[in-house]
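Structural characterization, general
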Amino acid sequence: STDQDDISNKFIHLTNSSIQKHNVNHVQAQSVKAGGGGGGGSKVSLAYLRKRLAEAQLSWPEMWGRIVQVVLKTLYCVQDVIPSHPNSFELFGFDVLIDAD
């Protein structure tokens, strides 16, 4: 938001559900909380995302390919600074924002 009234709202630009759950105004759809994967909140299932893309006549394979490229290129750029732990592994999470372009 560019509204000056929102400048003190620490939640306005954050999409991370771990942070948003502390926002008293956060709306999380019951179907998402129950694992139904419907719309609402800050998380949706991949099946729901595919359905919504199909409704908008957008190609799931193309979108997924672009997401995979973002993840791979990001990890490639930082591979030299990720420490090697032979007996363990790390999980990296990616938040992907999808816009009209």
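Structure report, in brief. (Residues numbered from 1 in each chain as written. Predicted model: local features only at pLDDT ≥ 70, side-chain atom pairs only at ≥ 80, totals over all residues. Heavy atoms only, no water.)

1. Description of the overall build of the chain
Secondary structure assignment for the chain yields 4 helices and 0 strands. When the helices and strands of the chain are listed from N to C terminus, the series reads α-α-α-α. Going through the 101 residues of the chain one by one, you find that 13% of them count as buried. Considering only contacts in the chain between residues 6 or more positions apart, those separated by 24 or more positions represent 14%. (Helix = DSSP H or I, 4+ residues; strand = E, 2+ residues; numbered from the N terminus. Buried < 20%, exposed > 50% of the residue type's maximum accessible area, 1.4 Å probe, protein only. Contact = heavy atoms within 4.5 Å.)

2. Examining a nonpolar patch on the surface
A contiguous nonpolar patch, built from F92, F94, V96 and I98 and spanning about 330 Å² of accessible area, is present on the exposed surface. You can see I98 is positioned in the segment after α4 (60-78). Judged by relative accessible area, I98 falls into the partly exposed class, the value being 39%. (Patch = residues over 30% accessible without salt bridge, like charges linked within 9 Å, V, L, I, M, F, W, Y side chains within 5 Å. Areas by Shrake-Rupley, 256 points an atom, 1.4 Å probe, with all protein chains shown as cover. Salt bridge = Lys/Arg side-chain N within 4 Å of Asp/Glu carboxyl O.)

3. Focus on the packing of helix α3 (residues 46-55) against α4
One way to put it is that α3 packs onto α4 with a least axis distance of 10 Å and a crossing angle of 125 degrees. As the angle between them shows, α3 and α4 are arranged oblique. Contacts between α3 and α4 involve L46, L49, R50 and L53 from the former and W60, M63 and W64 from the latter. Along the lines of polarity and charge, the residues of the contact of α3 with α4 split into 6 nonpolar, no polar and 1 charged. (Axes fitted to C-alpha atoms, helices over the stretch in contact; angles between N-to-C directions. Parallel < 35°, antiparallel > 145°, perpendicular 65-115°, else oblique. Nonpolar A, V, L, I, M, F, W, Y, C, P; charged D, E, K, R; others polar.)

4. A look at the pattern of salt bridges
Any two side chains of opposite charge can pair, on the condition that their charged atoms come close. Enumeration according to the criterion identifies 2 salt bridges in this entry. A single salt-bridge network, built from bridges that share partners, covers K51, R52 and E55.

5. Some details on unusual backbone geometry
A positive phi angle is found at Q57, which is not glycine, with a value near 60 degrees. Position of Q57 relative to the elements: it lies in the loop between α3 and α4. Assessed through its relative accessible area of 73%, Q57 is described here as exposed.

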